[in-house]
Amino acid sequence: MEQKKDSINKYSIFHLLNTNQNSREKLEAHLLDYMQKHPELTPAAPAPPPDEFQKIMTELNKRGSKTVVRKQLRILYYWNSVICCLQKSALIIRRKILKLFHSMKRKQPE
């Protein structure tokens, strides 16, 4: 009975898929280790042409399309300005509170 169960597990599609996945993970780990040991074998990424991003953005501006990058930059800019305003106001309030405490300490008789 044990032998029959082992043969079913041995040739099961799930067993084969699991074995294939495990061997693929081992191979990828081995390749990653090899590439880290020998960095001279990995080619350097080619540099993009100069002003490539600007050319793409001008073309998209001509077409009038809204890109995700532009939306993200706009959101980032607005949030940075909001945070900057909050920080400034918090620093002003903190400075006023500290001045108030210092003036109260000076007025207290010892």
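Everything quoted here is computed from the prediction, not taken from an experiment.

A few words on the overall build of the protein. Looking only at helices and strands, the protein has four helices and zero strands in total. With an accessible surface of roughly 11100 Å², the protein has 63% of that area assigned to carbon and sulfur atoms.

For aspartate 51, which is not glycine, the phi torsion reads 60° and is therefore positive. Considering the arrangement of structural elements, one finds aspartate 51 in the loop between helix H2 (13-37) and helix H3 (52-63). With relative accessibility at 56%, the residue aspartate 51 sits in the exposed group.

All right, on to a nonpolar patch on the surface then. On the surface, Ile75, Trp79, Val82, Ile83 and Leu86 cluster together into a nonpolar patch covering about 510 Å² of accessible area. Among the structural elements, isoleucine 83 can be located in helix H4 (residues 68-107). A relative accessible area of 42% means that isoleucine 83 is categorised as partly exposed.

On to the pattern of salt bridges, then. One pass over the structure, following the stated rule, counts one salt bridge. In this structure, the salt-bridge partner of glutamate 59 is arginine 63, at a minimum N-O distance of 3.3 Å. A residue pair is termed a helical-turn pair when its members lie 3 or 4 positions apart in one helix, as glutamate 59 and arginine 63 do in helix H3 at four residues. Residue class for glutamate 59 comes out partly exposed when judged on its relative accessible area of 33%.

Calculation criteria
Residues numbered from 1 in each chain as written. Predicted model: local features only at pLDDT ≥ 70, side-chain atom pairs only at ≥ 80, totals over all residues. Heavy atoms only, no water. Helix = DSSP H or I, 4+ residues; strand = E, 2+ residues; numbered from the N terminus. Areas by Shrake-Rupley, 256 points an atom, 1.4 Å probe, with all protein chains shown as cover. Buried < 20%, exposed > 50% of the residue type's maximum accessible area, 1.4 Å probe, protein only. Patch = residues over 30% accessible without salt bridge, like charges linked within 9 Å, V, L, I, M, F, W, Y side chains within 5 Å. Salt bridge = Lys/Arg side-chain N within 4 Å of Asp/Glu carboxyl O.

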